[in-house]
Each structure stands twice: as structure tokens, then as C-alpha cells.
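What follows is each chain in one-letter form.
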Amino acid sequence: MTKSSLPSLNALRVFATVAREQSFKKAATELGVTQSAISRQINTLEEQLGMRLLQRDNRVHALTATGQLLAPELLRMFEQLQELINKATSSEAANARLLKIGISNELLRWWLGPLLKEFYAIYPHLELEFVALPEYSSSQNAEYLKQLLTQDQLDAVLIMGQLSGRHLQATNLGDTELLFCSTRLESALKSDNAVYSIRESNDWQDWSRIHSPPAHTKTKATDNTAMALDLISLQGGSLLLPSHYRKLLKDAPLKNNSDLNASGSASLRLYTARHKEHELAVIAFSNWLQHVAKRG
DNA sequence: GCCACTTTACACCCTTGGTT
DNA sequence: AACCAAGGGTGTAAAGTGGC
């Protein structure tokens, strides 16, 4: 029998019920349909199988040999199926939970935030709560971030850079390109304007290795991208914008000089505690993020 | 006559495939 | 992407059949 010619689950369920009750009428009552529907399901099933399953005239007398072979196995399978459904539906309630996510304001505003509607449409039983973190991992904050995860204060951390530890599970969500952006299209390297980068990142070092800026180039470190954006909008200048915020170029008065872009070493990563790697909510969030990151 | 089941006609919903 | 028609699956109501 090919896959496409498999009888419908409903027809098999009807047959199993009739076999157990030895009556179309009782089966109809149990399944909440008319006895006519039962009759037709049995007929269709027998036609599909090419043989009779019930010996009957205007009464059900007995199961045929084929019916005797099928009925006990089907009844057992439907019992197992019911158990599985009970288990799945009760665990859905258990899995309806709050996920605490550590993330920077920048990543939330310019990357994850606009995608959340899609997440909630797929996983309506999950709720996300956000806790503000730095944009980049560094030697100063690494231990603190690890503790947040291993001591269950957060379920996941979204951050640029690396956290190491055997109790952590890392998922790479894509390498970062540093977009050289200025308030004006001209290259800031030829003017007096400074280039802003984030203090905790290696962005300036990564960028300098590729573009070897002149020694007189002014650089300024800021705490985060939002601060760098505010400063260059007030004072002019350039910044190294992580490519995850690419959509921002449409909204902010920024121009990207693609000749001066460079690849950064700090990838965007999702970190979770290893003891939570089998939790359905964590798996769902992680899988969805990977899907979103892949799509770009 | 009642009961259990079959047959037939018809309706509704969903999927699929073609068209715009 | 939106629309439409065809076809399949599933349901009901009602009439018919035959045993008890």
C-alpha cells in the first residue's frame, strides 16, 4: 500500500470503535456522529483495503479474519495516540512560560524588536521579557554575563562577541560587518571629524587592520552605538556601525561609505545555559533566531 | 412495530491547480 | 498575491431493507 492510499485516520478510528462496541449505533454515539456516517466510513475503508472487515447484514455479527487482525492493534495504537496527545497538551501548559532575554537597547531597537510580531504569531504561548545588557562582551563583563545565565537569572543572552565556559551553549547568528557611516558622504578620514567606535568592542582594531588609517585620524570611544549616533548627529563625524543595524540606515541621517566597510571579529551570538538546552521554550527561541538570522 | 444498518441526495469545507 | 472552479472528504437527513 502506498502512502497516498493509506486509509484516513478517521476511518480507522471508526472501525476500531465499531469493533470494540460491536455496534454501529454505539460507535456513532461514542464518536458523536450519525450511524450513517459510521456506515459510510466502514464502507470506504473496506473499499480501500479491498476486503470486508465486519461480517454483517443488518446487524454487526463478527469481525472477519482481517478485522480480527486489525482491530486489537488499532485499538492499542489509538490508546497510545490518546496518551501522547494528553501528554503534549498538558506539557503545552507547562511550556507556556516567560523567557528572560538579556539584550542591548540597540539590538532590541534596531534588530530584534521589529521582528517580535512574527515571533509571537508563531509562539503565542511564549512571553519574552527583556533585560538591558551591553552590546559587546568584554573581559570586564564576561563573568557577570555568565553568572546571569548559569544562575538562571536570564534564559538567554544576545550579545556581540564571545563568552566562553563549558556551562554555556553558543549559537552564532551571523558575522558582523562594520559599516563605515558618516553624517556626510565624504570620507571622515579626510576631515577633522572623529571616528566613533564602541569601547568594549574590537571594532576599531578590526577596522584599522584592513584600512590602515593615517596616524592623525581622530578616534573616540563611546559606551554604545546609540551614544555614538547621538554624538555624530550633534558634532558630525563617522562611526563603525555593526551591520545588524543595517535597517537603521534607512531611518537615520546616515550615509554608508561601502569602500570603507570591514569585517568585524565580534559575531552576534545567542548564549544559553547548557542545563536548559532541552527546554522547549529555549529551543523554540533559538531555532526562530537562527531562521531569522539566516534569512537576513 | 421497533431496531440496526444501508443507500441516496445534498451540503459544507478544505485543498489544489489554473488564471489573472 | 488574489481569485475561482473542480474535486475530495466528511457530514446530515430521509427513505429503504430485513431480522427480532
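What you see is a predicted model; the values in this text were computed from it and never measured.

## Here we look at helix α9 (residues 225-235)
- For α9, every residue scored as buried is listed here: Thr225, Ala226, Ala228, Leu229 and Ile232. The arc enclosing the buried residues of α9, seen along the axis, measures out at 160 degrees, which places them on a common side.
- For α9, the secondary structure elements touched by its buried residues are α5 (105-112), β8 (195-198), β9 (219-222), β10 (238-242) and α10 (248-251).
- Sitting at the amino-terminal end of α9 is asparagine 224, which places a side-chain oxygen 3.3 Å from the backbone nitrogen of alanine 226.
- One or two positions beyond α9, positive phi appears at glycine 236, with a value near 80 degrees.

## Let's talk about the sheet that holds strand β5 (residues 156-160)
- Spatially, five strands are ordered β4-β3-β5-β13-β6 in an open sheet, and the strand pairing comes out mixed. What marks the edges here is a single partner per strand, and that holds for β4 (127-132) and β6 (168-172). When strand polarity is set aside, the average angle formed by the axes of neighbouring strands in this sheet is 25 degrees.
- For β6 and strand β13 (residues 268-273), the ladder comprises five bridges, and the chain directions are antiparallel. Its bridge partner being in β13, leucine 168 is matched across the sheet by alanine 273.
- Contacts from α5 reach β3 (98-103), β4, β5 and β13, with the element oriented near 110 degrees to β3.

## Some details on the packing of helix α1 (residues 9-21) against helix α2 (residues 24-31)
- Running from N to C, α1 and α2 cross one another at 125 degrees; their axes reach a closest spacing of 8 Å. Between α1 and α2, the angle is such that the two are oblique. α1 and α2 meet at a crossing whose hand is right-handed. Each of Arg13, Val14, Thr17, Val18, Arg20 and Glu21 in α1 lies in contact with α2, whose residues at this interface are Phe24, Lys26, Ala27, Glu30 and Leu31.
- When its residues are assigned to classes, the contact of α1 with α2 shows five nonpolar, one polar and five charged.

What counts and how
- Residues numbered from 1 in each chain as written.
- Chains lettered and ligands numbered in written order.
- Predicted model: local features only at pLDDT ≥ 70, side-chain atom pairs only at ≥ 80, totals over all residues.
- Heavy atoms only, no water.
- Buried < 20%, exposed > 50% of the residue type's maximum accessible area, 1.4 Å probe, protein only.
- Helix = DSSP H or I, 4+ residues; strand = E, 2+ residues; numbered from the N terminus.
- Arc of directions from axis to C-beta.
- Contact = heavy atoms within 4.5 Å.
- Polar contact = N/O pair within 3.5 Å; in protein donor to acceptor, adjacent residues only side chain to side chain.
- Pairing = 2+ DSSP bridges.
- Axes fitted to C-alpha atoms, helices over the stretch in contact; angles between N-to-C directions.
- Parallel < 35°, antiparallel > 145°, perpendicular 65-115°, else oblique.
- Left-handed = near helix turned anticlockwise from the far one by under 90°.
- Nonpolar A, V, L, I, M, F, W, Y, C, P; charged D, E, K, R; others polar.

By themselves, these are just geometric observations and shouldn't be taken as functional.
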